Amino acid sequence: MQTTAENQHLTNLLTAIEPLKKAITSHPVYSLLQQPADLRVFMQYHVYAVWDFMSLLKSLQNGLTCTTLPWFPTGDAATRFLINEIVVGEESDVDMNGVRKSHFEIYLDAMQQCGADATTIHAFLQELAATGELNKSLENTNTPQEAAKFVEYTFSIIASGKMHLQSAIFTFGREDLIPDMFYALVNDLHSQQPEHISIFRYYLERHIEVDGDHHSQLALQMTSQLCGDDAQKWKEAESAVIECLQKRILLWDGVYHQLKANNEKASMSAAAVALS
């Protein structure tokens, strides 16, 4: 149960980040997502956020529970329960056919069905697994710059070893920032081309059902427990979430500029054909 001080700290944090959340949910990128080709571009950027969400989640589990041998009671049991509950849902959910998969693996299936190019994310993961060097792997595999900066920030928070910061960006800077208009768009595309959109639509439905409600409440409890009545921790958490949201805006900027460039190229091609 939250104390009065915790409630006030939480209110202050939410007030501080509200303008950034509005900037994300009203970002002009959504107005450019009109057809499956646009969604493919979006997915090629967004997949990095889906992957590093899983990495952040596992870092929290490693830091808040005992994941090594021999086992010892680690941290607060209530916090252990919260993070383990989230891990089960994110790492071992079910796909449309009832097969156990992580949300990241479901996302990759959605990319394949939609025709989105997953070459870059696969190359990045292969190089990272071989070398363990995050920044070089992002650079060497031509990861979009905005996606690379997003991932690098997440891993800088992981590297800090501060669980309250990791929990804060997990709770307030992640996947609850997709607006209703995006879901409506995906539903429209699905009605036109279900053979290309059905898995992505299912991913979003699972996101709403699991991540957007149950997991968000668990994460909020976890962050409140980790920050407690410590004003300094809440201030650090606020700063971390603000920067995380700024990186999310930059990620959406990257998608936006790529879509604008594609549209301009298509218009020029159409004009050239008309003149020929």
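Residues numbered from 1 in each chain as written. Predicted model: local features only at pLDDT ≥ 70, side-chain atom pairs only at ≥ 80, totals over all residues. Heavy atoms only, no water.

J.: A description of the packing of aromatic side chains should follow, citing residues and the corresponding values.
T.: For the structure on display, the rule yields 12 aromatic pairs. Residues Tyr107 and Phe200 carry aromatic rings whose centres are separated by 5.8 Å and whose planes lie at 80° to one another, so their mutual orientation is edge-to-face. Of this pair, Tyr107 sits in helix α4 (residues 103-114) while Phe200 sits in helix α10 (residues 194-227); the two residues are 93 residues apart in sequence, bridging distant segments of the chain. A single burial state applies to Tyr107 and to Phe200, both of which are buried. On the basis of an interplanar angle of 85° and a centroid distance of 6.1 Å, the ring pair of Phe182 and Phe200 is categorised as edge-to-face. Of the two residues, Phe182 sits in helix α9 (residues 180-192) while Phe200 sits in helix α10, which places them 18 residues apart along the sequence. Grouping residues by exposure puts Phe182 and Phe200 together as buried. Ring pairs connect the aromatic residues Tyr30, Phe42, Tyr107, Phe182, Phe200, Tyr203 and Trp252, which therefore count as one cluster. A cation over an aromatic ring shows up here: Arg248 above the ring of Trp252, its NZ or CZ 5.1 Å from the ring centre. (Phe/Tyr/Trp six-rings, centres within 6.5 Å; stacked < 30°, edge-to-face > 60°. Helix = DSSP H or I, 4+ residues; strand = E, 2+ residues; numbered from the N terminus. Buried < 20%, exposed > 50% of the residue type's maximum accessible area, 1.4 Å probe, protein only. Lys NZ or Arg CZ within 6 Å of the ring centre and 35° of its normal.)

J.: Got a sec to walk through helix α2 (residues 36-64)? Specific residues and values, please.
T.: For α2, which comprises 29 residues, the first-to-last C-alpha distance of 40 Å matches the rise-based estimate of 42 Å (1.5 Å per residue) to within 8%. By the largest-angle criterion, Tyr45 marks the main kink of α2, which is about 35°. A large share of α2 lies buried, amounting to 23 of its 29 residues. (Expected span 1.5 Å × (residues − 1). Bend = angle between axes of the 7 residues up to and from the residue.)

J.: Account for the side chain of Thr223, with residues named and values stated.
T.: Structurally, Thr223 can be placed in helix α10. Within the structure, the side chain of Thr223 is placed 2.8 Å from the side chain of Thr171, a separation counted as a polar contact. If near-sequence neighbours (up to four positions away) are discounted, Thr223 is found in contact with Ser167, Ala168, Thr171 and Phe172. (Polar contact = N/O pair within 3.5 Å; in protein donor to acceptor, adjacent residues only side chain to side chain. Contact = heavy atoms within 4.5 Å.)

J.: Tell me about unusual backbone geometry, and name the residues and values.
T.: The linkage connecting Leu69 with the following residue, Pro70, adopts the cis geometry, with an omega of -5°. Here the phi dihedral of Asn142 falls at roughly 55°; this positive angle occurs in a residue that is not glycine. By the secondary structure assignment, Asn142 is in the loop between α6 (134-140) and α7 (145-160).

J.: Tell me what's going on with the pattern of salt bridges, and back it up with residues and numbers.
T.: Two side chains of opposite charge can pair, provided their charged atoms sit close to one another. Counting across every chain of the model gives 9 salt bridges. As a salt-bridge pair, Lys58 and Glu91 come within 3.2 Å of each other at their nearest N and O atoms. Linking Lys58 in helix α2 with Glu91 in helix α3 (residues 77-91), this pair joins segments that are 33 residues apart in sequence. Of the charged contacts, one joins Asp95 and Lys101 as a salt bridge, the two residues approaching to 3.5 Å between their closest N and O atoms. Asp95 gets classed as buried once you look at its relative accessible area, which sits at 10%. Lys101 gets classed as partly exposed once you look at its relative accessible area, which sits at 22%. (Salt bridge = Lys/Arg side-chain N within 4 Å of Asp/Glu carboxyl O.)

Treat this as a map of the structure, not an account of what it does.
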